[in-house]
Amino acid sequence: MTTLMPTPRHYSAARLFTGPHSSVENKLAYPMEAYQRTPRRTVSCAGVGLHSGKDVHLTIKPAPPNSGIRFIRADLGGRSVAAHMDKVVNTTLATTLAEGDCLVSTTEHLLAALRGCGIDNADIELDGPEVPIMDGSAAPFCDLLRQAGCRRQNASRIALRITQPIHHEENGKRLAVFPFAGFTVFEEIVFDDDIIQRQIFSSALRGDNFLEHIAPARTFGRAEDVEMLWARGLALGGTLDNVVTIHWNRKSVLNEGGLRFPNEFVRHKALDLIGDLTLLGFPLLARVHAFKAGHGQHLGLMRAIVASPDCWEWVRLSPDGNFKRVEAVAM
Ligand SMILES: [Zn+2]
């Protein structure tokens, strides 16, 4: 028997059986959807890529149970890349996935919206190499998913439940996951900009918390850094309509309407974390702590989780609010 890495492509109903601890039923901390979900209808939007500055059309389509999230490049004859941590090729400024020359960047805000709206399976079709930045947050994608509606599928939702703490640290940037029968993020950032300084944000992913408190938080950058990125041919699509831009004086923002939340910066970091963690391929049951972490450290944490199989297990969620351990084994 070989325990498989956590990827939706590696399990099917036929491969799952209830393991030796099956008699032990545990209660979720709060009700969670027990079945996998996909968008009810196909929906589309268009926007500009933050880094490429190019127009891109994006279509979200329903997908079968256990297929996970997949990005499809319509402009490359329909070649695709799975939204999976093994496909990450770059974490500088954004999370970029690739399978051969099928590359898709800035995936994290859309993935956060899918997770926040409880979508497990979807095909994301694009006609360019970058997910449109929209307003810099996940809210426009959540609106799109609300238009699509949601279909409950005839397949149980399997979650990756943390049973022992796992830590990951890089150059003073730290992440950790702890056992919890739900999903909570605790995010902390420290910047020397007067407008940020030290910000803390914590939220459970339940009810409308994601839609109200996390999804609207926009990506941000310093005015001088945006200018430097432009000079390097990056952030070409970046404007005050899609990036919270910190004034050269570091005390205010250049955006006319100001901030959406006093701590919008740390909320956006929580959004990025939720988006990147979808690349595990399964919802996490855990309390996640992040300190000064970015996309590279999020990937490092996922790798640390995969490398610590004694610290987690797969569980099947049931409609009565319980979860039960299952084992995925090779056929
Ligand atoms: Zn972001």
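Residues numbered from 1 in each chain as written. Predicted model: local features only at pLDDT ≥ 70, side-chain atom pairs only at ≥ 80, totals over all residues.

Caption draft 1: Molecular detail of the sheet that holds strand 11 (residues 122-126). Spatial strand order, 4-5-11-6-7: five strands in an open sheet with mixed pairing. Sheet topology places strand 4 (43-48) and strand 7 (79-82) at the edges, where each strand pairs with a single neighbour. Strand-to-strand twist of the sheet, defined as the mean angle between neighbouring strand axes without regard to direction, takes the value 25°. Both strand 6 (residues 69-73) and strand 7 contribute to a ladder of four bridges, which runs antiparallel. Among the inter-strand pairings, I72 is bridged to a residue of strand 7, identified as S80. Along the sheet, helix 2 (residues 139-148) contacts strand 4 and strand 5 (55-62); its crossing angle with strand 4, the most-contacted strand, is approximately 160°. (Pairing = 2+ DSSP bridges. Helix = DSSP H or I, 4+ residues; strand = E, 2+ residues; numbered from the N terminus. Axes fitted to C-alpha atoms, helices over the stretch in contact; angles between N-to-C directions. Contact = placed C-beta atoms within 7 Å.)

Caption draft 2: Looking closely at unusual backbone geometry. Even without a glycine there, the phi angle at L93 is positive, about 70°. Turning to its location among the elements, L93 is positioned in the loop between strand 8 (88-90) and strand 9 (96-99). Not every positive phi belongs to a glycine, and M134 is a case in point at roughly 55°. Looking at the secondary structure, you find M134 in the loop between strand 11 and helix 2. On the neighbour-count criterion, M134 (24 C-beta atoms within 10 Å) is buried. (Buried ≥ 20, exposed ≤ 12 C-beta atoms within 10 Å, placed from the backbone.)

Caption draft 3: Quick look at the environment of P262. Along the polypeptide, P262 turns up in the loop between strand 19 (244-246) and helix 5 (264-277). Given 11 C-beta atoms within 10 Å, P262 falls into the exposed group. Separated by 74 residues in the primary sequence, P262 and E188 have C-alpha atoms spaced 14 Å apart.

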